[in-house]
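The chain contents come next:
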Number of protein chains: 2
Amino acid sequence: MTETPDSASAGPGAGGVFDAAFLARFEDLLAWRRDVRRFRTDPLPDDMLQRLLKAAHMAPSVGNSQPWRFVTVDEAARREAVRASFRRANREALASYSGETASLYATLKLEGLSRAPVQLAVFCDGETGQGAGLGRRTMPEMLAYSCVCAVNTLWLAARAQGVGLGWVSILEPETVADALDVPASWRLIAYLCMGYPAEEHLDPELERAGWQAGTGLDARWVRR
Amino acid sequence: MTETPDSASAGPGAGGVFDAAFLARFEDLLAWRRDVRRFRTDPLPDDMLQRLLKAAHMAPSVGNSQPWRFVTVDEAARREAVRASFRRANREALASYSGETASLYATLKLEGLSRAPVQLAVFCDGETGQGAGLGRRTMPEMLAYSCVCAVNTLWLAARAQGVGLGWVSILEPETVADALDVPASWRLIAYLCMGYPAEEHLDPELERAGWQAGTGLDARWVRR
């Protein structure tokens, strides 16, 4: 099974704790992850995408259903259909704002669709039999959530390799599914741009641009 | 902002690549993560949960909306209401299977609600103004997906510290929201059991129990 590694390489040290150096670097990775929208156009090394998708494929999934379906998009006409969908959705989004907010929105860099060498769509197969329905009777959204776990895992694995990833959600999901000619039971979860970043930043692009700063953890944690 | 670390500790080495030792250990972490359902009852160290939630709070979110709301559940009556919801949902799930599948389902260990020292509900605030709607006009589910990224990040951070985490989805989401007395705009994304694991395994519990083995990556990757 893909998610079971060789015993030689698997598992942490005694007591199940990764060492302090690893923990510090892992926190660096979380802080430095970022949504990347400015890409160099040079390709990734041959085996990089395979390695990253193997990491994503180790994500948790409800009932071990592994409902994610990875679609790498290389054909020019399909990429153009996705870009066209972005342009439409973004035009409508812009029209929904007014005044200074609209002016600011218009300046934002929101995707890297024209330059990212790798484009990856992640779909959820809503009709998969794998897992036999376990864990999703009262929360059917668990299938989609499992796919999001795969995306988040892929993101961290990519950034650890110095590869940038940007999640584009200003898209018409059904149009993208049509453009990629996938089965009717597959629903778009994420459209991802990947490649080496043209710039590195510690702060989120949207914070740097003055759109939205973050809020502290304390305001997001309540006790019951 | 919480997600911006001190410059002294932030960022990878030159070229944006974490070193080979880190990468190998990170892949170990992904492989070893597991959904933990068998917990020791001793508490986590005082500052552990705070540290783990800080990590989760660094997760990506659409428009920097940070829509996750963390609720730690300590009161006995609330915990019992959650357990009762599990018992009902699990009884109905069992009734939906028949024959050998039902017999096998009845033997599965699906949650650690009676022993896990920490219980954490993660909600999505569907009415947050943070992010000003950016990135979720055509895909409103992006708010919930952002919360799932926080859960997945928390999961990896916990496991890196030797802390087990199990995601319980056999629950009635509205009943749990009522039991925890949260605002009406908050939707349950995940109910998590956390604590030190009583056992460690490399293979998923559901695979070991014969419910569902995994499928290789090749079957999940198509080219367009």
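These notes cover the structure that comes with them. (Residues numbered from 1 in each chain as written. Chains lettered and ligands numbered in written order. Predicted model: local features only at pLDDT ≥ 70, side-chain atom pairs only at ≥ 80, totals over all residues.)

## With respect to the relation of the copies chain B and chain A
Selection criterion: The copies were overlaid by least squares, fitting only the C-alpha atoms of residues that reach a pLDDT of 70 or more in each copy.
Structural alignment of chain B on chain A gives an RMSD of 0.0 Å, achieved by rotating through 180° and translating 0.0 Å along the axis. Given the turn and translation reported, the copies of this chain are related as if by a two-fold rotation axis.

## Focus on the sheet that holds strand E5 (residues 221-223) of chain A
Applied cut-off: At least two DSSP bridges between two strands are required for those strands to pair. Each helix is a run of H or I in the DSSP string that is no shorter than four residues. Each strand is a run of E no shorter than two, and both are numbered from the N terminus. To get an axis, fit a line to the C-alpha atoms, keeping to the stretch in contact for a helix; angles then go from 0 to 180 degrees between the N-to-C directions. Our contact criterion uses C-beta atoms placed from the backbone: two residues qualify when those atoms are within 7 Å.
Read from one edge of the open sheet, five strands run E5(A)-E1(B)-E2(B)-E4(B)-E3(B), paired in mixed fashion. Strands with a single pairing partner mark the edges of an open sheet, and in this sheet they are E5 of chain A together with strand E3 (164-168) of chain B. Between one strand axis and the next, the sheet turns by 25° as a mean value, whatever way the strands run. Helix H6 (residues 173-180) of chain B rests against strand E1 (68-72), strand E2 (118-125) and strand E4 (186-195) of chain B of the sheet, and its axis sits at about 80° to E4(B).

## Some details on the packing of helix H3 (residues 76-95) of chain B against H6(B)
Residue and element names in this part refer to chain B. Defined as follows: Each angle is binned into one of four classes, with values under 35 degrees roughly parallel, values over 145 roughly antiparallel, values of 65 to 115 roughly perpendicular, and all other values oblique.
At a minimum axis separation of 9 Å, H3 and H6 run at an interaxial angle of 170°. Judged by the inter-axis angle, H3 sits roughly antiparallel to H6. Taking contact as the criterion, the partners of Arg-78, Ala-81, Val-82 and Ser-85 in H3 are, on H6, Thr-175, Val-176, Ala-179 and Leu-180.

## Considering the interface of chain B and chain A
Operational definition: The classification used treats Ala, Val, Leu, Ile, Met, Phe, Trp, Tyr, Cys and Pro as nonpolar, Asp, Glu, Lys and Arg as charged, and all other residues, Gly among them, as polar.
Opposite the 95 residues of chain B that make contact, chain A presents 96 residues. Residue assignment for the side of chain B that touches chain A shows that the elements contributing at least two residues are helix H1 (20-32), helix H2 (48-56), E1, H3, helix H5 (142-160), H6, helix H7 (205-208) and strand E5 (221-223) of chain B. Per-element accounting of the side of chain B that touches chain A gives the leading share, eleven residues, to H1(B). In the side of chain B that touches chain A, the residues fall into 47 nonpolar, 26 polar and 22 charged. Strand direction decides the pairing type here: E5(A) and E1(B), joined by three bridges, are parallel. Note on E1(B): the bridge partner recorded for Val222(A) is Val71(B).

## Concerning the pairing of E3(B)
Across a regular strand the side chains alternate sides, sitting on one face of the sheet and then on the other. Residue and element names in this part refer to chain B. The test is simple: Field definition: a residue is buried when 20 or more other C-beta atoms are found within 10 Å of its C-beta, exposed when 12 or fewer are, and partly exposed for counts in between, with C-beta atoms placed from the backbone.
Counting buried residues along E3, five of its five residues qualify, which places the element largely inside the surrounding structure. Taking every second residue as pointing to the same face, both faces of E3 are buried, with Gly-164, Gly-166 and Val-168 on one and Leu-165 and Trp-167 on the other. In this sheet, E4 lies alongside E3 in antiparallel orientation, the contact comprising five bridges. Across the sheet, the residue bridging to Leu-165 is Met-194, located in E4.

## Remarks on the packing of helix H2 (residues 48-56) of chain A against helix H5 (residues 142-160) of chain A
Residue and element names in this part refer to chain A. Selection criterion: A crossing counts as left-handed when the near helix is turned anticlockwise from the far one by less than a right angle, and as right-handed when that turn is clockwise.
Contact pair H2 / H5: the axes reach a minimum separation of 8 Å and the direction vectors enclose 135°. Relative to H5, H2 is oriented oblique. Classified by chirality, the crossing of H5 by H2 is right-handed. Along its contact with H2, which presents Leu-52, Ala-55 and Ala-56, the element H5 presents Ala-150, Thr-153, Leu-154, Ala-157 and Ala-158.

## Observations regarding the sheet that holds E5(B)
A sheet is described by the order of its strands in space; here five strands give the open sequence E3(A)-E4(A)-E2(A)-E1(A)-E5(B), paired in mixed fashion. This sheet does not close on itself; its edge strands, each paired only once, are strand E3 (164-168) of chain A together with E5 of chain B. On average, each strand axis in the sheet is tilted by 25° relative to the strand beside it, whichever way the strands run.

## A word on unusual backbone geometry
Residue and element names in this part refer to chain A. Positive phi, normally seen in glycine, also occurs at Arg-34, with a value near 60°. Within the secondary structure layout, Arg-34 lies in the loop between helix H1 (20-32) and H2. Even without being a glycine, Gln-66 presents a positive backbone phi close to 40°. Relative to the helices and strands, Gln-66 resides in the loop between H2 and strand E1 (68-72).

## Remarks on the environment of Ala160(A)
Here Ala160(A) is to be found in helix H5. For Ala160(A), a count of 25 C-beta atoms within 10 Å gives the class buried. Contact partners of Ala160(A), with chain neighbours within four places excluded, come to Leu29(A), Phe18(B), Phe22(B), Leu23(B) and Phe26(B).

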